[in-house]
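Structural overview
As a plain string of letters, each chain reads:
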Amino acid sequence: MNNQTDVKDLVMSIMQGEQDYERLLNWLEPATRAQKGLSADTALTLALLLEDVEQQAELNDQLRALVQDDGAPAMVLSETGVILARNPAAASLFAVTEGESVLGMGVRRAEFDAFQQRIVKHEGPSLLRTFPDVNQSMPVMFIGFYQAQHQIFLLRAIECQWSESIDHALEDIFQLTEAERAILACLAQGMTSEQISQQRNSTVGTVRQQIKTVLNKLGATSQVQAAALASALASQPQTSAVEHAQPAHLSSNPLNLGESVRETRRIGWRRFGKPGGRPVLCFHGAYFGAGEFEQERDWARREGLDVLIVERPGYGRTQPPGKKDELLQTQIQDCLAILDHLGWNKVSLLSHDFGFVPALAFADKRPQQVQGLFAVSPPVPYDNQDTLDPVPRNQRMFIWSARHAFWMIRLLLRLGQVKARKYGPEKWMEMVFEGAPHELPFFDTASGKKVSVASYAFNLNQHSKGHELDMLHTVATDWTPLLRRISVPVQAVAGSCNSTFPLAQTQRLTEMNPALRLDTIEGAGLTLCLTHIDDYFGKWMSMMEGEG
């Protein structure tokens, strides 16, 4: 890229899904290898893009939510009438795809222009008439809203559809047959007798007789009155249905989810193992270690462990701290609130990768409550002299940014989310461990796919805010004083093939705290808590027996 305009165009095209995230990483790689910052002009250009990237990320989230919407037909159009997204109902209704014109919905250019002018003139939503049928015999009306921030139109079809329980009530109270209830829904949509007959493949005479019967049963004096009743029924908010289907496989050791409120903050938590067993407080990692792996839950139950995972700020459901709140202190207070609620006075600590630092902070703050800390794949404290060459490129970019230009973390996360969504929940680990192929075979297994899917939502739920905060207190902040003064027993286990936190650097933990014991599992990587669970649990149990 020759100038700052090229940089901006590349970043925004990645956000819009037009180019691949890899192009930016290729461009940034020389800077990360050289251990130096970007040029002043490039840094300024990227920094100024943050607001645009955030805005595009918000739009991407809206489009993604629409595509997954199983309700009435809905679409998003650009100001020029190009289809940007559509949900399944709209996809089955119109023979058009993303990137095509609204003309494919039977809307003439003049009609679309008039629709826009009404919205501007009356400062509110308007109606747009479309024709799914090429013969333009049966229109579908959409109500359209304009979003100035993203310069898009959101269209949602006007439908009259009530819940199944209301449908049964109409049958019981008014003795309306199924056909008569369908006629009532058509009336609510403003359809004429001729249109209803065409839709239902009946004669106009039959439909008119059905309409009379419906009016008589409802005690209505006009079709307008009947339509108003139907529209009111369909507009009532509907509660979420309870799922009663029996899963194909029901775990005997489920992961229980809960939620608490501390002051005004929402805190999500997870619990598994043997209720009332030996209390364990787990500090989960960035991508796994939050109880999704069934074999880990089986182990905990067999060994009599009652494992509590408090979702860390920015992950799952736990809200990030306020601007004036200190991150690690917030995590400690979250954990204490849940422990107090459970009545747990003494716990063993377990941490996975980035959870090591908050676990150290908890043990440092409340040593009287901690029997010991077992750390799986702990991170290493980086300084500006450390080479990042062994680290996979995707992860190296984040470490380099945290040390040289922390504002780039958010930029990389937003761009990375676009790529992650292209991979999808089952395959996104291919992006996480690009450059570390030895970590991936597990995620091709049935258990691995479950972990990947659960981790996807857990990590991306709050725009990867949790990962951003992890980089802040693990890479951008010097946490070695915590490690040097820790007074509780600490044992760590690391994989010999861990390229994210290379073993040669992990061994420095013992130099900073000679009391820390580090064991190595040969052939394991960052994912050792998934791939070598028997080895990891065996070492953990040995430590806990020593504690006891």
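Read on for a plain summary of the structure. Per chain, residue numbering runs from 1 following the sequence as it is written. Where totals are concerned, whole chains, interfaces and linings use all residues; where local detail is concerned, this predicted model gives features only for residues with pLDDT of at least 70, and gives and counts side-chain atom pairs only at 80 or more. With hydrogens and water set aside, each side-chain value is computed from the structure's full complement of heavy atoms.

**Re the overall build of the chain**
Counting secondary structure elements, the chain contains 24 helices and 13 strands. Each of the 548 residues in the chain was classed as buried or not, and the buried ones make up 51%. The Shrake-Rupley method, run with a 1.4 Å probe sphere, supplies the accessible areas, and residue values consider only the shown protein chains as cover. For the chain, the exposed surface amounts to about 25200 Å²; the carbon and sulfur share of it is 50%. Numbering of helices and strands starts at the N terminus; helices are DSSP runs of H or I of at least 4 residues and strands are runs of E of at least 2. Partly exposed describes any residue whose relative accessible area lies between the buried limit of under 20% and the exposed limit of over 50%, with all areas from a 1.4 Å probe on protein chains only and scaled to the type maximum.

**Describing the packing of helix α9 (residues 193–200) against helix α10 (residues 204–218)**
Axis geometry follows a simple rule: fit a line to the C-alpha atoms, using only the stretch in contact for helices, then measure angles between N-to-C directions, giving values from 0 to 180 degrees. Running from amino to carboxyl end, α9 crosses α10 at an angle of 110°, the nearest separation of the two axes being 9 Å. By the angle between their directions, the pair α9 and α10 is classed as roughly perpendicular. Here α9 runs over α10; the crossing is right-handed. Here α9 contributes S193, E194, I196 and S197 to the contact with α10, which in turn contributes V204, V207, R208 and I211. Residue composition of the contact of α9 with α10, grouped by class: 4 nonpolar, 2 polar and 2 charged. For classification, angles of less than 35 degrees are called roughly parallel, those exceeding 145 degrees roughly antiparallel, those between 65 and 115 degrees roughly perpendicular, and all remaining angles oblique. Crossing handedness: left-handed means the near helix sits turned counterclockwise from the far one by under a right angle, and right-handed means the same turn made clockwise. We call two residues in contact when some of their heavy atoms are within 4.5 Å. Charged residues are taken to be Asp, Glu, Lys and Arg, nonpolar residues to be Ala, Val, Leu, Ile, Met, Phe, Trp, Tyr, Cys and Pro, and polar residues to be all remaining types, Gly included.

**Notes on unusual backbone geometry**
You will see that E123, though not glycine, has its phi angle at about 55°, which is positive. With respect to the element layout, E123 can be found in the loop between α6 (109–122) and β3 (126–130). A residue is classified by how much of its surface remains accessible, and E123, at 74% relative accessible area, is exposed. The backbone of E263 sits at a positive phi, close to 55°, despite the residue not being glycine. Tracing the chain through its elements places E263 in the loop between β6 (256–262) and β7 (265–273). Assessed through its relative accessible area of 70%, E263 is described here as exposed.

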